Amino acid sequence: MAIFSVYVVNKAGGLIYQLDSYAPRAEAEKTFSYPLDLLLKLHDERVLVAFGQRDGIRVGHAVLAINGMDVNGKYTADGKEVLEYLGNPANYPVSIRFGRPRLTSNEKLMLASMFHSLFAIGSQLSPEQGSSGIEMLETDTFKLHCFQTLTGIKFVVLADPRQAGIDSLLRKIYEIYSDFALKNPFYSLEMPIRCELFDQNLKLALEVAEKAGTFGPGS
Amino acid sequence: MTVHNLYLFDRNGVCLHYSEWHRKKQAGIPKEEEYKLMYGMLFSIRSFVSKMSPLDMKDGFLAFQTSRYKLHYYETPTGIKVVMNTDLGVGSIRDVLHHIYSALYVELVVKNPLCPLGQTVQSELFRSRLDSYIRSLPFFSTRAG
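What counts, and at which threshold
Residues numbered from 1 in each chain as written. Chains lettered and ligands numbered in written order. Predicted model: local features only at pLDDT ≥ 70, side-chain atom pairs only at ≥ 80, totals over all residues. Heavy atoms only, no water. Phe/Tyr/Trp six-rings, centres within 6.5 Å; stacked < 30°, edge-to-face > 60°. Buried < 20%, exposed > 50% of the residue type's maximum accessible area, 1.4 Å probe, protein only. Lys NZ or Arg CZ within 6 Å of the ring centre and 35° of its normal. Domains from an automatic or database assignment. Buried area = accessible area lost by both parts, 1.4 Å probe. Axes fitted to C-alpha atoms, helices over the stretch in contact; angles between N-to-C directions. Helix = DSSP H or I, 4+ residues; strand = E, 2+ residues; numbered from the N terminus. Left-handed = near helix turned anticlockwise from the far one by under 90°. Contact = heavy atoms within 4.5 Å. Nonpolar A, V, L, I, M, F, W, Y, C, P; charged D, E, K, R; others polar.

A. The arrangement of the packing of aromatic side chains in detail. Under the defined criterion, the tally for this structure stands at 20 aromatic pairs over all chains. Ring geometry for B:Tyr7 versus B:Phe9: centroids 5.9 Å apart, planes at 10°, classification stacked. There is no split in this pair, since B:Tyr7 and B:Phe9 are both buried. Ring pairs connect the aromatic residues B:Tyr7, B:Phe9, B:Tyr18, B:Tyr35, B:Tyr39 and B:Phe43, which therefore count as one cluster. Here the basic side chain of A:Lys154 rests over the ring of A:Phe119, its NZ or CZ set 4.5 Å away from the ring centre. The residue whose ring lies beneath A:Arg171 is A:Phe147, and the NZ or CZ to ring-centre distance is 4.2 Å.

As structure tokens, this is what we get:
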């Protein structure tokens, strides 16, 4: 059971807080000799596997590290282009770590505002009167829970599909937001939340919810 | 429990079929626009979900719910999308949506040489079979007749 991440979106659709609490990593490291038997391509400033799924390396996975050194987008740690580096037979044998690409902060901003619009469309396409937007979105790997306050702020929690007790966690996060962000005189409304107490209390609430929710009805 | 409506899209976003049973509110836009909005929303949700997922996904997006309804989604490898809106009391109905695809769409539309693919389904047989199948579902109507 796990809670993967928390997003706070302001009423205009801007991301004002994001926390990744736990992400199970599906990573595979393998040593390759010269003609690389995977097809790599550049996509969104990342080097992704386009063809040649095997040994836990799947299409869509990104190159995360080369010879134990983390890759920085499409560049290696010492500033060379990954594709160029891997195209040079002199650099082999090489050990490459593949995994799901991590979200950059720009992508997180984009996804948050994307959810803001999906939320609104979900309520417009409702077959019933007076529907809210998306409150829970279910996939086979995670569930997204969203709570919108009366003032329009959305709290979004990504959790394991079997994790229970998310509704009370969302209200708890609202409480923490009210107590430690809104009551902080240095916090300006609608702006990114940078409050230490908010951080600490949120992490504490996530820990409590993860433990408490394990034996809930959903698990 | 009740079924509100059902959309069937092909992989290009053409609405192949639409029917509704207990729908209280219309979207307030022409039907054609509504299909496009629905398809656009699902398209975005699919890409949203594949980016957000912490793990590699198999089936991907399954369903979402708001305070008043639940949208169930099923997609075949060929990109046919079956979307059904029900009320909140309905659990997972993947098998129902799969049945609509495999036993109704494939049997009565794909295997019918008189039904051109990639446009709205005109087959009266498909419509009536679909309607009677939906009406026979255990969760079809326990609230309103």
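Still to come is the rest of the account.
B. Seen up close, the domain arrangement of chain A. Residue and element names in this part refer to chain A. As assigned here, chain A comprises domain 1 (1-21 + 102-209) and domain 2 (27-97). Inter-centroid distance (C-alpha atoms) of domain 1 to domain 2 is 34 Å. Both faces combined, the contact of domain 1 with domain 2 buries some 270 Å², and carbon together with sulfur accounts for 18% of it. The three residues of domain 1 that bury the most area against domain 2 are Arg-102, Thr-104 and Glu-107, which together make up 100% of that side's buried surface.

C. Region of the structure containing the packing of helix H2 (residues 105-124) of chain A against helix H1 (residues 31-52) of chain B. At their nearest, the axes of H2(A) and H1(B) sit 10 Å apart, and the two run at 145° to each other. Between H2(A) and H1(B) lies a crossing whose hand is left-handed. Contact residues: A:Met110, A:Leu111, A:Met114, A:Phe115, A:Leu118, A:Ile121, A:Gly122 and A:Gln124 in H2(A); B:Leu37, B:Met41, B:Ser44, B:Ile45, B:Ser47, B:Phe48, B:Lys51 and B:Met52 in H1(B). Here the residues of the contact of H2(A) with H1(B) sort into 11 nonpolar, four polar and one charged.

D. Focus on unusual backbone geometry. Residues and elements named next belong to chain A. Here the bond from Tyr-92 into Pro-93 is cis, since omega is -5°, no more than 30 degrees from zero. Looking at the element boundaries, Pro-93 is found in the loop between helix H1 (82-86) and strand E8 (94-99). Even without a glycine there, the phi angle at Asn-67 is positive, about 50°. Although it is not a glycine, Glu-190 sits at a positive phi angle of roughly 70°.

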